[in-house]
Amino acid sequence: MAIEVSNKQILFRDYISGSPKETDMILTTTGTIKLEVPEGSNSVLLKNLYLSCDPYMRGRMTQSDSYVAAFTPGKPITGYAVSEVLDSGNPNFKKGDYVWGFAGWEQYSLIENPQSLTKINYTDVPLSYYTGILGMTGMTAYVGFNKLASPKKGESVYVSAASGAVGQVVGQFAKMMGCYVVGSAGSQDKVDLLKNKFGFDDAFNYKEEPDLTATLKRYFPKGIDIYFENVGGKMLDAVLPNMSVHGRIPVCGMISQYNLEHKDGVHNLVHLIMKRVRMEGFNVSDHYHLYPEFMEVMKQYFMDEKLVYVEDVVEGLESAPAALIGLFTGQNIGKQVVRISHD
């Protein structure tokens, strides 16, 4: 007879407009779960260890055209997690395996369709890294910069939201490619981190710059060859006149716009034509076939000690709502992770 245990969860209250609040998510301790997969099923039972907080999750709080399905009111929040397999009816996973992929914001998750789970084989780094640099966000940086931006040695690269989960990795990829790299962030501490820890050539606090167009001209007098777009809005409008001829803009995110009911307009799009700039949005899920290649590259980087990675880890499932909200006010430094159980 399967053991049944309590299963603490974070439930989604209801669809929202404007900025999300902690009260849009509900902590409940009333749920239970059997610690065994149903007989004859293809399911995998997970004990969740780490949860990932990511900006795209804001889009799932509305009934909009987000590229990921909206959360269901009254049901657990879902997102990327690192988990331990407790039981499996799937031949690709066995008890004791570690995996990363989509799971609920809860202590235990029964995954009925485990195709989205990836088994973790490389364990010479903390398991939490698979919420970020070795998971979705690392893949996002790799695909957006190495594949879409087609970087060349000596080019000038600008990264917005540069101290975040994706930005910090993009900047280091660019430096290893031999590029000149400048990042922006929202505090002096983050600016110092970019220059002193991640090796950016320079960085600035965008909140202290009254004229972003002039600021970018100062840092890139000959133009920006690659802009890794994480912010949108006024920052994108300031970047466009500063792009080089045949510049590239991989569009990863637009975090400045996610909580706005009326989005900021972009007025300088004519520069895409004048300078023959290629601007391309992308979804990392279209590129997961590259994950084995990505992992081989990343393992070598870690073995050669070429990468630095910063996580902002909070403890306990009850801390997850505040951690997610903090992404939109710049509270985190580095990748935001919630540890709900020790591996």
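Residues numbered from 1 in each chain as written. Predicted model: local features only at pLDDT ≥ 70, side-chain atom pairs only at ≥ 80, totals over all residues. Heavy atoms only, no water.

*Asks:* Any details on the overall build of the protein? Residues and values, ideally.
*Replies:* For the protein, the count of helices and strands is eight helices and 17 strands. Over its C-alpha atoms the protein spans a radius of gyration of 21 Å, differing by no more than 12% from the 20 Å that the globule rule assigns to 343 residues. Principal-axis analysis of the C-alpha atoms places the extent of the protein at approximately 70 × 45 × 35 Å. Counting contacts in the protein only where the partners sit at least 6 residues apart, residues at least 24 apart contribute 69% of the total. Total accessible area on the protein is roughly 15400 Å²; 49% of this is exposed by carbon and sulfur atoms. With 32 positive and 38 negative side-chain charges, the protein shows a separation of 5 Å between the mean positions of the two kinds. (Helix = DSSP H or I, 4+ residues; strand = E, 2+ residues; numbered from the N terminus. Rg over C-alpha atoms; globule rule 2.2 N^0.38 Å. Contact = heavy atoms within 4.5 Å. Areas by Shrake-Rupley, 256 points an atom, 1.4 Å probe, with all protein chains shown as cover. Lys, Arg positive; Asp, Glu negative; His and termini not counted. Charge placed at Lys NZ, Arg CZ, Asp CG, Glu CD.)

*Asks:* Describe in detail the packing of aromatic side chains, supporting the description with residues and values.
*Replies:* Applying the stated criterion to the full structure yields 19 aromatic pairs. Each ring, one from Y180 and one from F220, has its centre 5.8 Å from the other, and the planes form 75°; the classification is edge-to-face. Taken as a pair, Y180 in strand β11 (residues 180-185) and F220 in the loop between α4 (212-219) and β13 (224-228) lie far apart in primary sequence, 40 residues in all. Taking relative accessible area as the criterion, Y180 reaches 30% and is therefore assigned partly exposed. (Phe/Tyr/Trp six-rings, centres within 6.5 Å; stacked < 30°, edge-to-face > 60°. Buried < 20%, exposed > 50% of the residue type's maximum accessible area, 1.4 Å probe, protein only.)

*Asks:* Got a sec to walk through the sheet that holds strand β10 (residues 156-159)? Specific residues and values, please.
*Replies:* Strand order in this open sheet of six strands is β12-β11-β10-β13-β14-β15, and the pairing throughout is parallel. Strand pairing shows two members of the sheet lacking a second neighbour, β12 (202-205) and β15 (278-281), which therefore form its edges. Averaged over all pairs of adjacent strands, the angle between strand axes in this sheet comes to 15°, irrespective of strand direction. Strand contacts of helix α1 (residues 136-148): β10, β13, β14 (243-251) and β15, with the helix running at about 155° to β13, the strand carrying the most contacts. Against the sheet, α4 contacts β10, β11, β12 and β13, and its axis sits at roughly 165° relative to β12. (Pairing = 2+ DSSP bridges. Axes fitted to C-alpha atoms, helices over the stretch in contact; angles between N-to-C directions.)

*Asks:* Tell me what's going on with the nonpolar core, and back it up with residues and numbers.
*Replies:* Judged by nonpolar contacts, the single largest core of 83 residues is most densely connected at W105, Y130, I133, L134 and F145. At seven residues, α1 tops the list of elements feeding residues into this core. Sequence-distant contacts of L134, that is, excluding residues within four places in its chain, are made with W100, Y122, V125, Y129, Y291, F294, M295, M298 and F302. Counting residues in each nonpolar core, the second largest holds 19 residues, with Y158, V231, I249 and V251 among its members. (Core = buried A, V, L, I, M, F, W, Y, C linked by side-chain atoms within 4.5 Å.)

*Asks:* If you had to explain the layout of surface pockets to someone new, which residues and values would you point to?
*Replies:* Empty space within the second largest pocket amounts to approximately 410 Å³. Together, 23 residues line the second largest pocket, and P76, T78, A103, G104 and E106 are the ones closest to its centre. Within the residue set of the lining of the second largest pocket, elements represented by two or more residues are β4 (32-34), β7 (98-104) and β8 (108-111). Grouping the amino acids of the lining of the second largest pocket by side-chain chemistry returns ten nonpolar, ten polar and three charged. (1 Å grid on protein atoms, 1.4 Å probe; cavity = no way out; pocket = protein on both sides within 12 Å on 5 of 7 lines; lining within 4 Å. Points joined across faces, edges and corners; volume = space filled by probe spheres on them. Nonpolar A, V, L, I, M, F, W, Y, C, P; charged D, E, K, R; others polar.)

*Asks:* Could you give me a rundown of the environment of T28, with the residues and numbers involved?
*Replies:* With respect to the helices and strands, T28 occurs in strand β3 (residues 25-28). The class for T28 is buried, based on a relative accessible area of 12%. Sequence-wise, T28 and N7 are 21 residues apart; in three dimensions their C-alpha atoms are separated by 8.5 Å. If sequence neighbours within four positions are ignored, T28 has contacts with N7, K8, Q9 and L11. Reaching out from T28, the side chain makes a polar contact with the side chain of T30 at a distance of 2.9 Å. (Polar contact = N/O pair within 3.5 Å; in protein donor to acceptor, adjacent residues only side chain to side chain.)

*Asks:* Now, about the pairing of strand β16 (residues 311-315): what can you tell me, with residues and values included?
*Replies:* With five bridges connecting them, β16 and strand β17 (residues 335-339) associate as parallel partners. Looking across to β17, one finds that V314 is bridged to V338. With helix α8 (residues 320-326) bridging β16 and the parallel β17, this β-α-β connection has right-handed handedness. (Right-handed = clockwise from strand over helix to strand, strands pointing away.)

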